[in-house]
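Commentary on secondary and tertiary structure
Chain by chain, the residues run as shown.
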Amino acid sequence: MMMAEVDERYLPQLAAVLTFPQSVGIVGGRPGASLYFLGAQGSAVLYLDPHEVQEVVALPEGAASYHCSTPRLMPLTSIDPSLAIGFYCSSAGALQPGLLISYKKDDKHILALVEAPDGKKNWWIVDQRGRRFSLPARTVSLVLPGGNYQPADVQRFAEAAAAADLSLMEIAWAVAAEDVRSYSLQEMAKLLFDDAAALPQYITFSMLLHDSIYFKQVFKGGVWSFEPRDADAVQAAQVLRSAPPPDPDASTRMDLTHLTVYTVDDASTTEVDDGLSITTDEAGAPLLWVHVADPTRWLTPGDMLDAEARSRSRSLYFPWGAVPMFPRSLAEGPFSLGSSSSSEDGQQQQQQECCAFSVCASLNDDGSLGQLVSLGPSTIRVQHRLTYDEVDADLGLGPGMCQHEQLQALYEAARLRRAWRVSRGCIDIDLPEAQLKVEQAQLDALRPAVSCTKLSQWESAARLMVAEMMILAGEAVGSLGAAQQLPLPYRGQEAPQLPPQEALDALPEGPCKGYALRRCMTRSVIEQSPVRHASLALDAYVQFTSPIRRYSDILAHFNLKAHLRGEALPFSAAAISAITAAAGESARELGRAEGEVTKYWAAEYLRQHREQSWVGCVLGWFRPEMQLAAVTLEELGLESIVKVEFPVLPGDRLLLRLADVDVSSGYYRLYVEDRAAGPGDSSAAEGFSSDDLEAQEGEQEGSEGED
C-alpha cells in the first residue's frame, strides 16, 4: 500500500506520528470491533487504537470513524493477517544506508551508522571510533527514526547520551507510576524530554539501559517497552542503594574482579543468579569457578525481606512473566549479578562490581571433584552476559574458532564431568519441554498472541555446560558440609526401581527412554545431613546456586557464611527441617498453579491452531487397558495423552489433530488422524512391554542442579 492509496482523511493523523518516507498501512478487524492505523519503524509497528482514546476528528459529512492520537508499538509478528483489511509494512529488521542503529554485542548496546548492505543478511556499519565492519542484521537492537545520517552524528549522539542526567529517571518514574502500563521508547522520550525525535530517543534509550531501579526493560519481537516498577520495590531498592547495611563479610570478601566472568541465561532472564570463570593453577590444570549471587549480603535472618521471601518459598513463573521471590527491583537490581556498562564504541568504560558467593574447584582426571580450592563471599565483575543460543552458536564453531575460548574450556570440563556422573549411574531424563510465551499486554485480547517453542536441555551444549557447573558447585558445598558436619538443606533421592536393562535398551534414545525413566523416578527429599542423590549420582549435594529465586538456597548461604566467619549458625537442623517442610508444601501449591496456567495457555495455543495437524512421537503407553498413549508433539515439545486404537510402539509417529478444547478449564483433547511417515521404526522396540514400565510416577530430578 503506497501513500496514494491511503484515504486522505487519515493523512493528518498518520503524519503526526510517522516518520516519512516509510511504508504505511491500515489494518482493520471486524467492523465496529477493531481498527488500527499502522506504520513500520524498523522491526516495530506504530498503531493507533481508536477504542483507547476515542478522540473523534472532523470528517466529511456522512463519514463515520473513530480516531485517537496516542501512538503505541507492537511487534510486526503480532499482526494477525486474518483480520487485515490490507496493509504493507517493511520486514522486521529492515535496514537502509544512512540509518543510525544500536546493536548488541556481549550485552553491550553500541551505536553505529549503516553504510551499505553486505550480502543478504549483513550490513556494513561504522561505529563511533570509525571502525568499519560487517554486522548481522539480527544483532540490531534499535533503529532510530530519520535518515541520511553522517559519521559525525554517531559521535554527537554518543556524547549527548553520556552527558545525560540519570536523576531524571526518578522524575519520569513518578509520572509513569500514575498510569502503570508498558511505555514505548517514544513515549519515554516524550516523558523525559517532551520530544520524541531521534536524539532524545537515543538519550532516553541509553538512560533506561543504565537504570535498574525505576523501570523494567523488555525487548521482545524487536520492540522495546518499559514498565514502571512497584512503588514499594523502588523504595526498598533506593534504601538499599543509598544506605546499604554493613557487610558482615567485608573483611574476608575475596576480590575477584580480575577474573573474566560469564553469565549464560535465557534471553528473557532478568534475575541473574550465577556466573562462570575458568583459570589455571601453577601446574596449568584448570580451576573451575562458579559465582553465585549473594542476596544475603543485604539480608539479616528474620528481617522483613527474609521473612517475605521465606513465605513465598520461590519465584513463580508464568508464560507472561515471573513473580519474583524478592521485590523485583531488588531481584533484578542489587541482588542480581550485574553486567558491564560500556562506552558507545563498545569499549569497556565501567563494570559494575557485584557481591557474589564464589566456589572454586579442580577436577580429577576422571571428572570427579578434586580439590575445593576456594569458597566464600567475593566481589566480581561480569564482563560477558550471554544467552544460551549465543553460547551454543559460539561453542558450535569449535576450539580455535570460537570467540570465547574460556567457554570452550568450561564446556570441555563439563563434558568430562558429565561422563564421570554417567559412569556412576546418573539418570538424565531426556524429554523436551514446551515453552509457552504470551505478552502481558495480550492477556485480555480476544485472540492473544501465544508462542510455543520446543526446549530440550540435552540438545544444547550451553545448557549442559551450565547444568554441570551448577551440579559441581552443589557437590562442592555438600562435601564441605558433610566434612564439617554442618546442618544444610541437603537434597537427596532414593534409587528408583528401573525397568530391566534389556527393556530400556530396546527403546529409542531420547524422549521415549526419558519417559520410561521418568515414570520410575522417586520424589526428592531435603534432609539436614548428607543423603545420597541417586539421579545425580552424588553422595552429598546442596542446591546453592539460585538464592534469588529459591529460599532453600538462602538457608545454605546464611549457614555457610556464618560457619566461615566462625559464628554460631543462624539455622539449626530442626529449623531447617521446619522451614523446608513448609517451603516444600508451598512449592507444590505453586507448582500446581503454574501447571494450571500452563494448561490454559497450551489450550489457547491449540485453539488458535485447531486446523493444523501435528506430528506426535509415541512415548509409551500411559494406560494400555484404556488404549491411552503418551505422545509429545515434535514441533512444540508439548506432551499429551491420546487414545490409540491400533498397535503402536515407542518411537512410532502419529498425525494428530485437535478434537476438543475448553480454554477456561485448560482442557484439550487430541485425536489420531493417521500414522505419520518418518523415523519411527516399530521393530526397534519389539522388546518393549508396557508392564516393564508400570511404576509410580515421580518427580524428575535428574537435572535439578541447572539454574
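Up top is the structure.
In short, a report on the structure. (Residues numbered from 1 in each chain as written. Predicted model: local features only at pLDDT ≥ 70, side-chain atom pairs only at ≥ 80, totals over all residues. Heavy atoms only, no water.)

1. Overview of the overall build of the protein chain
Each helix and strand in the protein chain was counted, giving 16 helices and 31 strands. For the protein chain, with 707 residues in total, the buried portion stands at 51%. Of the contacts made within the protein chain by residues no fewer than 6 positions apart, 65% connect residues no fewer than 24 positions apart. (Helix = DSSP H or I, 4+ residues; strand = E, 2+ residues; numbered from the N terminus. Buried < 20%, exposed > 50% of the residue type's maximum accessible area, 1.4 Å probe, protein only. Contact = heavy atoms within 4.5 Å.)

2. Some thoughts on the packing of helix α11 (residues 405-423) against helix α12 (residues 461-484)
Between α11 and α12, whose axes approach to 8 Å, the crossing angle comes to 65°. The angle between α11 and α12 falls in the class roughly perpendicular. Like other packed secondary-structure pairs, α11 and α12 cross with a definite hand, here left-handed. Residues Leu407, Leu410, Tyr411, Ala413, Ala414, Arg415, Arg417, Arg418, Trp420 and Arg421 of α11 form the contact with α12, whose own contacting residues are Ala461, Leu464, Met465, Glu468, Met469, Ile471, Leu472 and Glu475. Taken together, the residues that form the contact of α11 with α12 break down as 12 nonpolar, no polar and 6 charged. (Axes fitted to C-alpha atoms, helices over the stretch in contact; angles between N-to-C directions. Parallel < 35°, antiparallel > 145°, perpendicular 65-115°, else oblique. Left-handed = near helix turned anticlockwise from the far one by under 90°. Nonpolar A, V, L, I, M, F, W, Y, C, P; charged D, E, K, R; others polar.)

3. A few points about the packing of aromatic side chains
What the rule picks out here adds up to 13 aromatic pairs. Here Phe157 and Tyr202 contribute two aromatic rings whose centre-to-centre distance is 6.4 Å and whose plane-to-plane angle is 45°, an arrangement assigned as tilted. One end of the pair, Phe157, is in helix α3 (residues 151-162); the other, Tyr202, is in helix α6 (residues 198-210), with 45 residues separating them in the sequence. On the accessibility criterion, Tyr202 (1% relative accessible area) is buried. (Phe/Tyr/Trp six-rings, centres within 6.5 Å; stacked < 30°, edge-to-face > 60°.)

4. What to know about the sheet that holds strand β28 (residues 628-633)
Strand order in this open sheet of 5 strands is β29-β28-β27-β30-β31, and the pairing throughout is antiparallel. Pairing within the sheet leaves two strands with one partner each, and these edge strands are β29 (638-643) and β31 (667-675). Strand-to-strand, the axes of this sheet are offset by a mean angle of 50°, without reference to chain direction. Relative to β31, strand β30 (residues 653-662) is paired through 8 bridges, and the arrangement is antiparallel. (Pairing = 2+ DSSP bridges.)

5. Focus on the sheet that holds strand β5 (residues 100-105)
Across the sheet, which stays open at both edges, the 5 strands sit in the order β8-β7-β6-β5-β9 with antiparallel pairing between neighbours. Lying at the two open borders of the sheet, with one neighbouring strand each, are β8 (132-136) and β9 (140-143). Across the sheet, the mean angle separating the axes of adjacent strands is 45° when strand polarity is ignored. Examined bridge by bridge, strand β6 (residues 108-118) and strand β7 (residues 122-127) share 6 bridges and lie antiparallel to one another. Across the sheet, Ala112 pairs through a bridge with Asp127, a residue of β7.

6. Concerning unusual backbone geometry
At Asn148, a position not held by glycine, the phi torsion is positive, near 60°. Within the fold, Asn148 resides in the loop between β9 and α3. The exposure class of Asn148 is exposed, given its relative accessible area of 68%. For Ala537, which is not a glycine, the phi torsion comes out positive at approximately 60°. Here Ala537 lies in the loop between β26 (525-527) and α15 (551-565). Judged by its relative accessible area of 0%, Ala537 is buried.

7. Some thoughts on the pairing of β29
Taken residue by residue, a regular strand's side chains alternate between the two faces of the sheet. Going residue by residue along β29, you find Leu638, Ser640 and Val642 tucked away on one face and Glu639, Ile641 and Lys643 left uncovered on the opposite face. Relative to β29, β28 runs antiparallel, the two being bridged by 6 bridges. Bridging across to β29, Thr632 finds its partner in Glu639.

8. Regarding the environment of Ala434
Tracing the sequence through the fold places Ala434 in strand β23 (residues 433-438). Judged by relative accessible area, which is 25%, Ala434 ranks as partly exposed. Residues Ala434 and Glu635, 201 residues apart in the sequence, show an inter-C-alpha distance of 9.3 Å.

9. Regarding a nonpolar patch on the surface
On the surface, a cluster of nonpolar side chains totalling about 240 Å² of accessible area is made up of Ile171, Val175 and Leu191. Counting through the fold element by element, Val175 comes out in helix α4 (residues 168-176). (Patch = residues over 30% accessible without salt bridge, like charges linked within 9 Å, V, L, I, M, F, W, Y side chains within 5 Å. Areas by Shrake-Rupley, 256 points an atom, 1.4 Å probe, with all protein chains shown as cover. Salt bridge = Lys/Arg side-chain N within 4 Å of Asp/Glu carboxyl O.)

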